[in-house]
Amino acid sequence: MQILALIRERFATVLSELIEDPKLRASSLERIVPSREPQLADYQANIAMPLQKPLGKPPLEIAQSIVDRLNLTDICSSVSIAGAGYINLKLSPDWLAKELDQAYIDPRVGVTSVKEPKTVVVDYSSPNVAKPMHVGHIRSTVIGDSIAKVMRFLGHKVITDNHLGDWGTQFGMIIYGYKHFRNEDDYRARPVAELSRLYRRVQSVIAYQAAVASIPRLEQGVENAHRKVQLATEKLNAAPNDKKTQKEVAAANNGLKQASEELASTQEKIAQAQSNPELLQDSERHPTLNEKVLGETAALHRGDKANLALWDEFLPHCQDEIHSVYRRLNIVFDHEFGESYYHDMLPAVIEELFAKSLAVPSDGAVCVFLPGFDAPMIVQKQDGAYLYATTDIATALFREREFGPDVSLYVVDHRQSEHFNKLFAVLEKIGLVHTQFKHVSFGTVLGTDGKPFKTRSGSVVGLESLLDEAVDRAWQVVCDPNRLKVAGLEMDDAEKRVVAETVGLGAIKYADLSHNRTSDYVFDMDKMVRLEGNTSAYVQYSYARAQSILRRAVAQDWTPDRWETAPMRLAENIEMSLGLQLSRFEEMLLQSMQDFTPNLITEYLFDLARLFSSFLDQCQVLKADTEREAFSRLKLTALVGRTLKQGLELLGIGVVDRM
RNA sequence: GGGCUCAUAGCUCAGUUGGAUAGAGCAACGGAUUUCUAAUCCGUAGGUCGAAGGUUCGAAUCCUUCUGGGCCUGCCA
């Protein structure tokens, strides 16, 4: 149901008589929007004011001439002019009720399929398989999954692909660790845990060695910063009132502070590592470990039999682990073409780049220089190894052959935006002009300390235990015996488990999706499982209340077949508001996919749930004055429930009938 | 140095692409209940939209400058 589109059509016929310039007409139509002032209007047209100059008439006069020609009598109960020239529309409750009657008999709750479906590839999640998954992975996974679901629901042909990091340096780490540090018994008993331990062990030695190696550079940096401060201070003494010099001193001091802090924190890391005898011993016995690991990786890529055999052996275990997470999150991909899948195609990529005069040798590496970028895109290293940029090009070429997408989305965090800008520039030069590439970037997941989770440093909470914790807390709140008793819900343990799982996982997903994806977001378990306010639990709870009423209706013999065919009526203001919100479901979905912002969906669902609560507060459903009224309200309740369920489903969040 | 990005209520965040008096949630305060599930509803209070200019009918939103964070910046992904 697209009421806005219908209203715009009506305006379009009028505007074609008043405005000659087609561009001006189009921009005017876009100024017809859902009202920002629900008290005054349902929809508003802000078109008269900007036409003041082009038409050379006062806005109120323009607005009046538009209103005079408009034919909206079937749709609207009132069309009025207000303020500086706003045209305010109020929908007719009778007309809206009929539209909702139509939506009700539609399994898609009134959402039509797009007229021109596009083939859309969504690349999301894409973890490195050998590293344990952590909170940092959740954004790409949850946001990407939701975008894919919504696009598919809207009628597009969607292909999801989990671009697994199954071929990178981390395998060199595990292979090296396996060769030197493995505990055979542990490996046999629990391969994934052992591999993960090996990864961490190797990784921490490399981090330690890198920290030690960086000390001279950091010390030099502090010294340089000192000198800068001295120079700037002397300059300031010579000219105490020069503002530019004052700034220089401040900047120099700031630089010194930063350099000192970096040195101090690195020294602290080293000190911490040195209190760990096992790590020190590893480091002594395996100097320059990073190079050795790169050597193992290079050997793997060269086709070294032993390493390849190990890779073949490790990969299924690693995949099992991440698949168990996806199973739990209820996420299924169409494809999982990991990086390794493209390995054989990489030489051809380099050849093609040379053939098209895009690539040039530089400092022993192969680079693509691009206008507007300081640094080139490096596609082959000095040692001959390929990089993720190379793989990304190969992937895009493969997807072009295989799927021929109109749109290709990369749901990856914002730190890689420059990489994608370069990638898209290269792809265009190669000739992939048919596809619209888009980096759907998102902010960093921060800890409660406000600092980003860093894959390579410190102890990171594993994703699995995080999910466990959320479910655990959901259980404590939702399945509290006192609460269930008061609510009159008797649940066995099996039902409780389902409820806790649904609410707990929903909390994590919803918290993520409800933030504007472009901003950084603080992962705070305490807040998201509090189950109050703008949370998944509130929306899920509203759904459960709706189901409860429908159950009670059946119990008093008001089965759906009796009221489903009855006409809906939007008599009370709150019913009208609720109906209006229901009618905007499709518009909202289209809006949210315009720039791929799922937070519009959570916002919509939260608003819908709140309106529903107000409705239940103000209107009796089962004890309505007349049966006719009760039937209408039952229908409204059912439609709210279905819309909530459908909306949550598009976010990858489930519902339960009782909670 | 260059580039990207962010700054909105005490806290966490929205803000429909430039529209009317800047909105929610949490926290605070005051009301409502023999509940169709109170995980609720209604209300009060809380703001120099980081700062200063500019663009125009109109700016949190656009342009410039400044301040302060975050990120990226040739051989990780």
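Residues numbered from 1 in each chain as written. Chains lettered and ligands numbered in written order. Predicted model: local features only at pLDDT ≥ 70, side-chain atom pairs only at ≥ 80, totals over all residues. Heavy atoms only, no water.

## Here we look at the overall build of chain A
Reasoning step 1: Helix and strand counts for chain A come out as 26 helices and 13 strands.
Reasoning step 2: Each principal axis of the C-alpha atoms in chain A carries an extent, and together these give about 85 × 70 × 60 Å.
Reasoning step 3: By the burial criterion, 49% of the 659 residues in chain A qualify as buried.
Reasoning step 4: Expressed as a percentage of contacts within chain A between residues at least 6 apart in sequence, the contacts between residues at least 24 apart total 75%.
Reasoning step 5: A total accessible area of about 32,100 Å² is found for chain A, and carbon and sulfur atoms account for 49% of it. (Helix = DSSP H or I, 4+ residues; strand = E, 2+ residues; numbered from the N terminus. Buried < 20%, exposed > 50% of the residue type's maximum accessible area, 1.4 Å probe, protein only. Contact = heavy atoms within 4.5 Å. Areas by Shrake-Rupley, 256 points an atom, 1.4 Å probe, with all protein chains shown as cover.)

## Let's talk about the sheet that holds strand S9 (residues 377-380)
Reasoning step 1: Overall, antiparallel pairing links the three strands, which are arranged S7-S8-S9 in an open sheet. Of all the strands in the sheet, the pair left with one neighbour each is strand S7 (359-362) and S9. Put simply, the sheet's adjacent strands are angled 40 degrees from each other on average, direction ignored.
Reasoning step 2: Pairing geometry for strand S8 (residues 365-368) and S9, over three bridges, is antiparallel. In the strand pairing of S9, valine 368 is matched with methionine 377. (Pairing = 2+ DSSP bridges. Axes fitted to C-alpha atoms, helices over the stretch in contact; angles between N-to-C directions.)

## A closer look at the sheet that holds strand S1 (residues 32-34)
Reasoning step 1: One open sheet accounts for four strands, arranged S1-S2-S4-S3; its pairing is antiparallel. Looking at which strands have only one partner, the edges of the open sheet turn out to be S1 and strand S3 (76-82). Neighbour to neighbour, the strand axes of the sheet diverge by 20 degrees on average, direction disregarded.
Reasoning step 2: Of the strand pairs in this sheet, strand S2 (residues 43-45) and strand S4 (residues 86-91) are connected by three bridges, and their pairing is antiparallel.

## What about the domain arrangement of chain A?
Reasoning step 1: Domain boundaries assigned for chain A yield domain 1 (3-91) and domain 2 (170-288).
Reasoning step 2: The centre of domain 1, based on its C-alpha atoms, is set 61 Å off from the matching centre of domain 2. (Domains from an automatic or database assignment.)

## Some thoughts on the pairing of S7
Reasoning step 1: Summarising the sheet, S7 and S8 pair through four bridges and their orientation is antiparallel. Each bridged residue has a counterpart across the sheet, and for alanine 359 the counterpart in S8 is valine 368.
Reasoning step 2: The hairpin turn running from S7 into S8, its antiparallel successor, is two residues long, and aspartate 363 in that turn takes a positive phi close to 50 degrees.

## Notes on helix H15 (residues 388-402)
Note that an α-helix has 3.6 residues per turn; residues three or four places apart therefore point the same way.
Reasoning step 1: A rise of 1.5 Å per residue sets the reference length of H15, with its 15 residues, at 21 Å; its end C-alpha atoms lie 20 Å apart and thus fit the reference within 8%.
Reasoning step 2: Counted residue by residue, H15 has 11 buried out of 15 residues, so it is predominantly covered.
Reasoning step 3: Of all the positions in H15, only Ala389, Thr390, Thr391, Asp392, Ile393, Ala394, Thr395, Ala396, Leu397, Phe398 and Arg399 are classed as buried. (Expected span 1.5 Å × (residues − 1).)

## Some points on the pattern of salt bridges
Reasoning step 1: If you walk through the whole model with that rule in mind, you get 28 salt bridges.
Reasoning step 2: For arginine 139, the salt bridge identified is with aspartate 512, shortest N-O distance 2.8 Å. Taken together, the residues span a long stretch of sequence, with arginine 139 in helix H6 (residues 138-153) and aspartate 512 in helix H19 (residues 493-513) at a distance of 373 residues.
Reasoning step 3: Since its relative accessible area comes to 0%, aspartate 512 is described here as buried.
Reasoning step 4: As a salt-bridge pair, arginine 399 and aspartate 161 come within 2.8 Å of each other at their nearest N and O atoms. Separated by 238 residues along the polypeptide, arginine 399 in helix H15 and aspartate 161 in strand S6 (residues 157-161) bring together distant segments of the chain.
Reasoning step 5: According to the relative accessible area criterion, arginine 399 is buried, its value standing at 1%.
Reasoning step 6: Here the salt bridges share partners, and the residues they tie into one network are Asp123, Asp161 and Arg399. (Salt bridge = Lys/Arg side-chain N within 4 Å of Asp/Glu carboxyl O.)

## Description of the confidence of the model for chain A
Reasoning step 1: Summary statistics for chain A give a mean pLDDT of 91 and a share of 97% for residues scoring 70 or more.
Reasoning step 2: With pLDDT under 50 throughout, residues 454-458 is counted as low confidence; its partners more than four residues away or in other chains account for four contacts. (pLDDT = per-residue confidence, 0-100.)

## A closer look at the nonpolar core
Reasoning step 1: Counting residues in each nonpolar core, the largest one holds 164 residues, and the members touching the most others are Phe11, Leu91 and Leu589.
Reasoning step 2: A per-element tally of this core places helix H9 (residues 191-238) first, with 13 residues.
Reasoning step 3: In contact with leucine 589, other than residues within four places in its own chain, are Val111, Val150, Phe153, Leu154, Ile601 and Leu650.
Reasoning step 4: One finds Val349, Leu358, Ala394 and Phe398 within the second-largest nonpolar core, a separate group that totals 32 residues. (Core = buried A, V, L, I, M, F, W, Y, C linked by side-chain atoms within 4.5 Å.)

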